[in-house]
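Structural description and commentary
This is what each chain is made of:
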Amino acid sequence: MVGGPGEKGGVEEEEKACEYEEEERGEEDQQQRLESKDGVEKERNKTEVMETTCGGKPGKDEHTSISTSSSTITSFSFLSSVSQESLEEDEVRVSLVTMLEDESCPSEPFGTIHIDPPSQFVHEEKEEEEETKREEKEEEEEAAASVHLQQMKRKLDHGPDGRPFPSGKKHCKGSGYLSPSSLAQATPTTFGDLRLANGHSAQRRRVTSGPPPSGLQDWLLTFQTWSGPERLLALDELIDRCETSQVKHMMQVIEPQFQRDFISLLPKELALYVLTFLAPRDLLQAAQTCRYWRILAEDNLLWREKCREEGISERVRRRECERPAADISPWKSAYIRQHRIETNWRRGDDREPSVLKGHDDHVITCLQFSGDLIVSGSDDNTLKVWSAITGKCLRTLTGHTGGVWCSQMAIATVISGSTDRTLRVWDAESGKCVHTLYGHTSTVRCMHLHGNRVVSGSRDTTLRIWDISTGRCEHVLTGHVAAVRCVQYDGRRVVSGGYDYMVKVWDPETEVCLHTLQGHTNRVYSLQFDGVFVVSGSLDTSIRVWDAETGGCVHTLTGHQSLTSGMELRDHILVSGNADSTVRVWDIRSGQCLHTLQGPNKHQSAVTCLQFCRGLVLSSSDDGTVKLWDLRTGAWLRDVVALQSRGSGGVVWRIRASDTRLVCAAGSRNGTEETKLLVLDFDLDEKKKEVDIN
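Conventions and cut-offs
- Numbering of residues starts from 1 in each chain and follows the order in which that chain's sequence is written.
- With pLDDT at 70 or above as the cut-off, local features in this predicted model cover only qualifying residues; side-chain atom pairs require 80 or more to be listed or tallied, and sums for whole chains, interfaces and linings still use all residues.
- For the side-chain quantities, the full set of heavy atoms in the structure was used; hydrogens and water were omitted.
- UniProt positions are given in the numbering used here, feature names are shortened, and annotations may be inferred rather than shown by experiment.
- The way it works is that DSSP assigns letters per residue, a run of H or I at least four long becomes a helix, a run of E at least two long becomes a strand, and they are numbered from the N terminus.
- The residues that make up patches have over 30% relative accessible area and no salt bridge, and they are joined within 9 Å when like-charged or within 5 Å when they are Val, Leu, Ile, Met, Phe, Trp or Tyr.
- Computed by Shrake-Rupley with a 1.4 Å probe, the accessible areas treat only the displayed protein chains as cover when residues are assessed.
- In what follows, salt bridge is the name for a side-chain nitrogen of Lys or Arg lying within 4 Å of a carboxyl oxygen of Asp or Glu.
- Here the positive residues are Lys and Arg and the negative ones are Asp and Glu; neither His nor the chain ends is included.
- For this purpose, a charge sits on NZ of Lys, CZ of Arg, CG of Asp or CD of Glu.
- When a residue's accessible area, from a 1.4 Å probe over protein chains only, is under 20% of the maximum for its type it is buried; when over 50% it is exposed; and in between it is partly exposed.
- Paired strands are those between which DSSP finds at least two bridges.
- For helices, the fitted line uses only the C-alpha atoms of the stretch in contact; every axis is such a line through C-alpha atoms, and the angle between N-to-C directions lies from 0 to 180 degrees.
- Pairing of N or O atoms within 3.5 Å defines a polar contact, subject to two protein rules: one partner must be a possible hydrogen donor and the other a possible acceptor, and residues neighboring in sequence count only if both atoms are side-chain atoms.
- Expected span of a helix, by definition, is 1.5 Å for each gap between consecutive residues, and there is one gap fewer than residues.
- Take the buried residues of types Ala, Val, Leu, Ile, Met, Phe, Trp, Tyr and Cys, join any two whose side-chain atoms come within 4.5 Å, and each joined set is a nonpolar core.
- Throughout, a contact is declared for two residues whenever any of their heavy atoms are within 4.5 Å.
- By convention, the crossing between two helices is left-handed when the near helix turns anticlockwise from the far helix through less than a right angle, and right-handed when the turn is clockwise.
- Only Asp, Glu, Lys and Arg are considered charged, only Ala, Val, Leu, Ile, Met, Phe, Trp, Tyr, Cys and Pro nonpolar, and every remaining residue, Gly among them, polar.

Our next topic: the UniProt feature "repeat: WD" (unreviewed entry) in the protein. UniProt marks residues 364–396, 397–436, 437–476, 477–516, 517–556, 557–596 and 600–639 with the feature "repeat: WD" (unreviewed entry), using the numbering shown here. Its end C-alpha atoms 13 Å apart, residues 397–436 is made of 0% helix and 60% strand. Helix makes up 0% of residues 477–516 and strand 55%, with an end-to-end C-alpha separation of 13 Å.

Next up, the structure:
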């Protein structure tokens, strides 16, 4: 159907209107494309300015061209206006268009990336916060490590206790010594770092046998990529495949790095405490390590403890103070001297004893010495005073009209008892007789001195107590019915033994016999009394231990076969010498015989006298010898004296010993050996202050 002119005109107008709208729409699209192109150009310029200024990629708050399926967005600020639903539904793609024209910037080119919903941005922000916290924590740990290293450096510079080192002290420069200058600023993480921290050059351990094997660096890089357990496993396998020389090389490289002079790093008090556990021999060796170790090893209190352990008295230490030695503490000097004396006792030397001849061919019946004075009494009615140093007879004490049978000595005062029934008090230095004590009606056979009082026992069956300063007889004790053969006095009680087979305990002040100890079946010849126990030796071959307070018999010690001629008691240990040629060691608390000193080196005749000191037992015999025994083990050590006439009449009658000297009275009954004194000094080497303690 064909419309009229009116209809045609209307259609043309509608077509023109559509064409006009399309032209306007096209112009608007073109304008939008131009604006978009201008925005891209502006963004490119901004990006180039940022890269030129910062040398990196743009930050997340900077304007960047963002393309979406529906629109072009020029800023990240759209996140605040875009709805949460549209972000969850659509995947937003951002094209960062950059022109990296600066080739010097090593930044990686940007491509098209995906921006996740805001939850991922929150997650990334949390990760960044955690990373920041980790960095702050690492900084705090590094600061703490730095403080620790500074403290270690201060200890090494000023001593472990924070005080400056004393003058003369120096660090021990051992192979493992850690000097302050070698401290690293950070804790070593590898063994190579440790070597450098200890001041050892890495070149020192290089093996120059040839060029490194091919693939070594790859092998080392592979090793570094492994975890700790994997490295340990690899090292175990590697060691198993090494030869002995290679393992030795590893030890020579590794061991010095872990050696530390801990003594120098400890406070002085702790270092000295550690050194107290060392034996004296080890202390002397430690003193040779370095100067500071020597300072510690010379500590006076340290050596005082060692002296206390060995029973060395304050008196010995004071004597060493009177003879000071440079750079040696008095206690150490005392210890070394005592050890030297002990060694001389046990081992002896080639020195011949000093020989003091006197008393002609008479028997020396009693022997005493104190300090450097020796006093011998004889049946020739005299006493002689000798110098232990020069060996000369200083003077002869005459006045007795009968043989001298017993004596006592304190410093320079000598008391003697004789068959002339008197006691005499002498001044050994002047040779004068101070007092003559009358009262006994028969031979004075025994005596014991305590302080200014001496108790004498006689064949007249009585005991008398004398004041040697006044010469007055203070008390007379009667009760024995036969000769009194032995006596002991401790200042409080008197104990006596006689030929009536009895032992009596007396109160000297009241002159009352407190206990009569009955049990022996023959004469009592020897006594010992320590204030608690009384020990008596008899011709009946037994030794009895008595309680001094109750009078009861505690133990009967059996084992000897003849007369017990001499005994020594100290600290509950009793040593007895017998005519059966043996010496026995007893514990009087238990009544057990600890040792019998015999064997292939035992005496061949009756034991005449005993002494024990310094853990040693000395015994003399009719066989002409003096033997030395170890008190603890009972072992024979050596013959200290052996007369040329031994076995053919030579006799050692009496012995007296101090810590440093031994005096023996020797002779014979048939003229084969002249009467003499033998003096052995075990402290001759006064100048030698340090010895090798074995």
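Once that is clear, we can look at a negative patch on the surface. On the surface, E135, E136, E139 and E140 cluster together to form a negatively charged patch. On the accessibility criterion, E136 (45% relative accessible area) is partly exposed.

Here we take up the side chain of D467. With respect to the secondary-structure elements, D467 resides in strand β16 (residues 463–467). We note that D467 is buried and unpaired, the nearest opposite charge coming from R472 at a distance of 5.6 Å.

Attention shifts here to the sheet that holds strand β14 (residues 444–450). Taken in spatial order, the 4 strands of this open sheet run β14-β15-β16-β17, and their pairing is antiparallel. Looking along the sheet, the strands with just one partner apiece sit at the ends: β14 and β17 (472–477). Adjacent strand axes in the sheet meet at a mean angle of 20 degrees when their direction is disregarded. By the bridge criterion, 6 bridges tie β14 to strand β15 (residues 453–458) in an arrangement that is antiparallel. Directly across from L449, in β15, lies its bridge partner V454.

Before going further, it helps to spend a moment on the sheet that holds strand β8 (residues 383–387). Taken together, the 4 strands give an open sheet; going across it, the order is β6-β7-β8-β9, and neighbouring strands pair in antiparallel fashion. The open sheet has two free edges, formed respectively by β6 (364–370) and β9 (393–397), since each of these has just one partner strand. Averaged over all neighbouring strand pairs, the angle between strand axes comes to 20 degrees, with direction disregarded. Strand direction decides the pairing type here: β6 and strand β7 (residues 373–378), joined by 6 bridges, are antiparallel.

Below, the discussion takes up the environment of W506. Relative to the assigned elements, W506 resides in strand β20 (residues 503–507). Among the polar contacts listed, one links the side chain of W506 to the side chain of S496, at a separation of 2.9 Å.

Here we come to helix α14 (residues 330–347). Residues spaced three or four apart along an α-helix point in a common direction, a consequence of the helix completing one turn every 3.6 residues. Taking 1.5 Å as the rise per residue, α14 with 18 residues should run 26 Å; its terminal C-alpha atoms sit 26 Å apart, in good agreement. Of all 18 residues in α14, 14 are buried; the element is thus mostly enclosed. Following α14 by one or two positions, G348 has its phi on the positive side, about 70 degrees.

Here the focus is the nonpolar core. Counting 19 residues, the largest nonpolar core has W345, L618, V626, V640 and L662 as its most contacted members. Those elements giving two or more residues to this core turn out to be α14, β31 (616–621), β32 (625–630), β33 (636–642), β34 (650–657), β35 (661–668) and β36 (676–681). In contact with V626, not counting residues within four places along its chain, are L618, S619, S620, R638, D639, V640, V641, V652, I655, L662 and C664. Of all hydrophobic cores here, the second largest spans 18 residues; its members include I263, L272, L283 and W293.

A separate point is the packing of helix α12 (residues 300–310) against α14. It is the contact of α12 with α14, at a shortest axis distance of 7 Å, that shows an interaxial angle of 35 degrees. Both α12 and α14 take part in a crossing whose hand is left-handed. The segment α12 lies against α14, with N300, W303, R304, K306, C307 and E310 engaging P330, W331, K332 and Y335. Counted by class, the contact of α12 with α14 contains 5 nonpolar, 1 polar and 4 charged residues.

Every other side chain in a regular strand lies on the same face of the sheet, so the side chains alternate between the two faces. A large share of strand β10 (residues 404–410) lies buried, amounting to 5 of its 7 residues. Across 6 bridges, β10 lies against strand β11 (residues 413–418) in antiparallel orientation. Each residue of the ladder has a partner; that of Q408, found in β11, is I415.

A cluster of nonpolar residues, W219, L220, L232, L235 and L238, forms a patch on the protein surface that exposes about 460 Å² of accessible area. Elements that contribute at least two residues to the nonpolar patch include exactly α5 (216–225) and α6 (228–240). Broken down by element, the residue count for the nonpolar patch peaks at 3 residues, all from α6. Judged by relative accessible area, which is 36%, L238 ranks as partly exposed.

Along β16, 5 of the 5 residues are buried, which leaves the element largely enclosed by surrounding structure. Residues L463, I465 and D467 of β16 are buried on one face, and the alternating residues R464 and W466, pointing to the opposite face, are buried as well. In the sheet, β15 pairs with β16 via 5 bridges, with the strands oriented antiparallel. Counted as the bridge partner of G457 is L463 from β16. Linking two consecutive strands that pair antiparallel, namely β15 and β16, is a turn of 4 residues; a positive phi of about 75 degrees is found at T461 within it. Two elements, β16 and β17, share 5 bridges in a ladder whose sense is antiparallel.

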